[in-house]
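# Coordinate inspection notes
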Amino acid sequence: MKKILIASQLFCLIVLVTACGGSSSTNDTANVDNTTEGAVTVLLDNFFNNEYMEENGQQVKWHYLWGDTSMGGYSELGALFEKEGARLATLTESPTADNLKQASIYIIVDPDDEKETAVPNFIDETYAAAIADWVYNGGVLVMLANDSSNCELDRFNILAQKFGITFNKDNRLVVQDPHFEQGEIKIEAGHPIFKTAKNVYIKGICSVTAKDSAQVVLKTDDFDVMAVATYGKGTVFALGDPWLYNEYIGHRRLPEYFENDKAAVDWVKWLIERARK
């Protein structure tokens, strides 16, 4: 929060106070500001994913948010975007042509079902059409689902299938701690997105199916993991997992041989590059 203004007749002092929260999303904002020429704004959805938890006797927003510094937050991912010169914003309202027009990248993560939120906001044809139009005109859409028991997939697919992508109602890469190797995926040399990472850890996902203009960009021997589609002037990236939240972006829990940290940097750079084309 910005608290301002201590004045006298002789001078004016402006003090900027930044509040840092624990698991709450104190750094999130619903405003999209692209006042810096050429800036890439990364807009994170907080409408379809709108979870709360109790903290110090109060209900606070949490789970996959920029300001969430808990294991389930995106604070570290947000820092990577900022390091690359992007600015962060959060959309707490339904997506429209007006509030998407200043965003370069729009990320939707793990849309709620009735188990997660008392009154979930479901994706419908109206929302999907607005988002698809934005992509067609050059937006970069990131769709991060979850396994079928932890994500609302039927309505998420209303949007995904506009780009030739389907989130399948399954549960792959099931990991029984501490057997991290069960979530390991090797990355081939010369990958178009992950230029430095050689392997990644992903757990508890739904697989994807790609057709038409969509292409699979990461897979195992048994199923497809990530897909990318070109739609008009824009790009869509899809993965059936929230993936790079604080717990698994580095080595808080992961063994050192996993390269999620390198993959995160590669991915952020690729998304920003797509947004600037």
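Rules behind the numbers
- Residues numbered from 1 in each chain as written.
- Predicted model: local features only at pLDDT ≥ 70, side-chain atom pairs only at ≥ 80, totals over all residues.
- Heavy atoms only, no water.
- Pairing = 2+ DSSP bridges.
- Helix = DSSP H or I, 4+ residues; strand = E, 2+ residues; numbered from the N terminus.
- Axes fitted to C-alpha atoms, helices over the stretch in contact; angles between N-to-C directions.
- Contact = heavy atoms within 4.5 Å.
- Buried < 20%, exposed > 50% of the residue type's maximum accessible area, 1.4 Å probe, protein only.
- Right-handed = clockwise from strand over helix to strand, strands pointing away.

The strand order across the open sheet formed by seven strands is β6-β3-β7-β8-β15-β14-β13, and the pairing between neighbours is mixed. Edge positions in the open sheet fall to β6 (87-91) and β13 (214-219), since each of these has one partner strand only. On average, adjacent strands in this sheet sit at an angle of 20° to one another, irrespective of strand direction. When strand β14 (residues 224-231) meets strand β15 (residues 234-239), the two strands line up antiparallel, connected through six bridges. Within the sheet, the bridge partner assigned to alanine 229 lies in β15 and is valine 236. The sheet strands contacting helix α4 (residues 153-160) are β7 (105-109) and β8 (140-144), and the helix crosses β8 at an angle near 160°.

Attention shifts here to the environment of serine 94. With respect to the secondary-structure elements, serine 94 resides in the loop between β6 and α2 (97-100). With 49 residues separating them in the primary sequence, serine 94 and aspartate 45 have C-alpha atoms 8.9 Å apart. Those residues in contact with serine 94, other than ones at most four positions away along the chain, are Phe47, Asn99 and Tyr127.

With five of five residues buried, β7 is to be regarded as a mostly interior element. Along β7, one buried face is formed by Ile105, Ile107 and Val109 and the opposite face, lined by Tyr106 and Ile108, is buried too. Here strand β3 (residues 41-45) runs beside β7; their pairing, made up of three bridges, is parallel. For leucine 44, the partnering residue across the bridge sits in β7 and is isoleucine 107. Here β7 pairs with β8 via five bridges, running parallel. In the strand pairing of β8, isoleucine 107 is matched with valine 142. Following the backbone out of β7, through helix α3 (residues 125-136) and into the adjacent parallel β8, one traces a crossover that is right-handed.

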